[in-house]
Amino acid sequence: VVEAPPPFAPREVELAPGDALVLVSDGVTEASGPGGEPFCDPAWTRLLAVVAARGQLDAPDLVGAVRDAVRAWGEQGEQAPDDDLVVVALRRTPA
């Protein structure tokens, strides 16, 4: 087993009531679409657009919306998805 430090530093974030936190695997960010273009560009434009448009959904529905968007993107490409699609959403409930 080789352990390497992750390319990121731990940090704390405070979620206000109603805020959501969405975590995705590289299977989401690297899913190929038209011309082999990945779902997430360096600015994460597509993922952020999905979350912004559907951000008020409850956590399970938000997971579904991201999953559906990635699958639809992949259907436009020449290559079927070949990696896992892991999406985790957390929502802080109102106080």
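Residues numbered from 1 in each chain as written. Predicted model: local features only at pLDDT ≥ 70, side-chain atom pairs only at ≥ 80, totals over all residues. Heavy atoms only, no water.

Caption draft 1: Unusual backbone geometry, seen in detail. Notably, Trp44 is not glycine yet its phi reads approximately 60°, a positive angle. By the secondary structure assignment, Trp44 is in the loop between α1 (26–29) and α2 (45–54). (Helix = DSSP H or I, 4+ residues; strand = E, 2+ residues; numbered from the N terminus.)

Caption draft 2: Just the nonpolar core, in detail. Formed by 15 residues in total, the largest nonpolar core has its most connected members in Val28, Phe39, Val66 and Val70. Among the secondary structure elements, those contributing two or more residues to this core are α2, α3 (59–75) and β2 (87–91). Once residues within four sequence positions are removed from consideration, Val28 is found in contact with Phe39, Val66, Val70, Asp84, Leu85, Val86 and Val87. (Core = buried A, V, L, I, M, F, W, Y, C linked by side-chain atoms within 4.5 Å. Buried < 20%, exposed > 50% of the residue type's maximum accessible area, 1.4 Å probe, protein only. Contact = heavy atoms within 4.5 Å.)

Caption draft 3: Structural view of the packing of aromatic side chains. Here the structure, examined in full by the defined rule, presents 1 aromatic pair. Over the aromatic face of Trp73 sits the side chain of Arg46, whose NZ or CZ is 3.8 Å from the ring centroid. (Phe/Tyr/Trp six-rings, centres within 6.5 Å; stacked < 30°, edge-to-face > 60°. Lys NZ or Arg CZ within 6 Å of the ring centre and 35° of its normal.)

Caption draft 4: Summary view of α3. If you check α3, its first and last C-alpha atoms are 24 Å apart, about what 17 residues at 1.5 Å a residue would give, namely 24 Å. Listed as buried for α3 are Ala59, Leu62, Val63, Gly64, Ala65, Val66, Val70, Trp73 and Gly74. Buried-residue contacts for α3 involve β1 (20–24), α1, α2 and β2. Put simply, Asp58 is the residue that caps the front of α3, since its side-chain oxygen is 3.1 Å from the backbone nitrogen of Asp61. (Expected span 1.5 Å × (residues − 1). Polar contact = N/O pair within 3.5 Å; in protein donor to acceptor, adjacent residues only side chain to side chain.)

Caption draft 5: Main features of a negative patch on the surface. The grouping of Asp26, Glu30, Asp82, Asp83 and Asp84 at the surface amounts to a negative patch. Positionally, Asp84 belongs in the loop between α3 and β2. (Patch = residues over 30% accessible without salt bridge, like charges linked within 9 Å, V, L, I, M, F, W, Y side chains within 5 Å. Areas by Shrake-Rupley, 256 points an atom, 1.4 Å probe, with all protein chains shown as cover. Salt bridge = Lys/Arg side-chain N within 4 Å of Asp/Glu carboxyl O. Lys, Arg positive; Asp, Glu negative; His and termini not counted. Charge placed at Lys NZ, Arg CZ, Asp CG, Glu CD.)

Caption draft 6: Highlighting the side chain of Thr29. Its place among the elements puts Thr29 in helix α1. Among the residues examined, Thr29 registers a relative accessible area of 15% and is labelled buried. Apart from residues lying up to four places away in sequence, Thr29 is in contact with Val24, Pro38, Phe39, Cys40 and Trp44.

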